[in-house]
Amino acid sequence: YAVSTSAVGDGQLWLLIPRPLLLALLAGLIGETPQQWPQDREPTDLEAALIDYLLRELFLCPLEQAWPEPPLHLTATPGRPVRTLGQRPPAELAYRFTLSAITPWGEQSFWLCIPRQGRWEQLGLIPTSTQPAELPAAWRTQVENLVQTLPVEVTVLLGEVDTTMRRLAQLKVGDVLILRQSVRQPLLAQVDGIPRFRVWPGTHGGRTAVLIEGLTPGPSCTSTS
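Structure report, in brief.

Ranked by size, the top nonpolar core spans 31 residues in total, and within it Val3, Leu15, Ile17, Leu22, Leu26, Leu55 and Trp120 carry the most contacts. Elements represented by at least two residues in this core include exactly strand 2 (13-16), helix 1 (19-29), helix 2 (45-66), strand 4 (94-103) and strand 5 (106-115). When residues no more than four places from it in sequence are discounted, the contact partners of valine 3 are Gln12, Leu13, Leu15, Leu60, Leu74, Thr75 and Ala76.

So, about the packing of helix 1 against helix 2. At their nearest, the axes of helix 1 and helix 2 sit 10 Å apart, and the two run at 95° to each other. It follows that helix 1 is roughly perpendicular to helix 2 by the angle criterion. Here helix 1 contributes Leu22, Leu23, Leu25, Leu26 and Leu29 to the contact with helix 2, which in turn contributes Glu47, Leu50, Ile51, Leu54, Leu58 and Phe59. Among the residues forming the contact of helix 1 with helix 2, the class breakdown is ten nonpolar, no polar and one charged.

Now for the packing of aromatic side chains. Tallied over the entire structure, the rule returns four aromatic pairs. Ring centres 5.5 Å apart and planes at 75° place the aromatic pair tryptophan 37 and tryptophan 105 in the edge-to-face group. Of this pair, tryptophan 37 sits in the loop between helix 1 and helix 2 while tryptophan 105 sits in the loop between strand 4 and strand 5, and the two are 68 residues apart along the sequence. What makes tryptophan 105 partly exposed here is its relative accessible area of 28%. Each ring, one from tryptophan 67 and one from tryptophan 120, has its centre 5.3 Å from the other, and the planes form 70°; the classification is edge-to-face. Within this pair, whereas tryptophan 67 is found in the loop between helix 2 and strand 3 (75-77), its partner tryptophan 120 is found in the loop between strand 5 and helix 3 (139-148), the two being separated by 53 residues in sequence. The pair tryptophan 67 / tryptophan 120 is uniform in exposure class, with both members buried.

Basis of the calculations
Residues numbered from 1 in each chain as written. Predicted model: local features only at pLDDT ≥ 70, side-chain atom pairs only at ≥ 80, totals over all residues. Heavy atoms only, no water. Core = buried A, V, L, I, M, F, W, Y, C linked by side-chain atoms within 4.5 Å. Buried < 20%, exposed > 50% of the residue type's maximum accessible area, 1.4 Å probe, protein only. Helix = DSSP H or I, 4+ residues; strand = E, 2+ residues; numbered from the N terminus. Contact = heavy atoms within 4.5 Å. Axes fitted to C-alpha atoms, helices over the stretch in contact; angles between N-to-C directions. Parallel < 35°, antiparallel > 145°, perpendicular 65-115°, else oblique. Nonpolar A, V, L, I, M, F, W, Y, C, P; charged D, E, K, R; others polar. Phe/Tyr/Trp six-rings, centres within 6.5 Å; stacked < 30°, edge-to-face > 60°.

Keep in mind these numbers describe shape, not what the thing actually does.
If you want it as structure tokens, here you go:
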């Protein structure tokens, strides 16, 4: 992610976060507790909506608070792939800071790259502090308020069936497809493509509805119906 300040002379910074680490941090923001590093994939719409907040609270705010006078104001540009940003002159000097996120299931490194120009020339003159900057005390409340107002689409799967292209081409009105879903088993309701609830279909007020029977075991649950 590209990071910039209000001063053009400072150049552009780069925050490089491996996607499994990013997905694990996003899972924590929405109340999940990962047991391993998530598989590499694109963030869902819900996760993508939280990236800007994640970058500000976990990375930019601590950097701003740790920087001495005059005040530092950082702005991130989420969503742009690093391959389109990382073209620098070969002879240009830059600082590269390697940081680590340590979890019960392993360790991941991420990097902050800063050009040696503008205010960043002062980095070699700033004494190292032994006291880490503290995040604002109300950050959890802010995350909860943000998540509660995000639009979420819930999809209920009626079932699935395997067929052939020949059979598919021959289907006509009145044909019946037998799904791999027993009427004695609940359906799966998904949020952003991830199974979350076991539900029973029915009607309510003249509209199709579902009754939630329970939660799925976790985000790694896969549908077999």
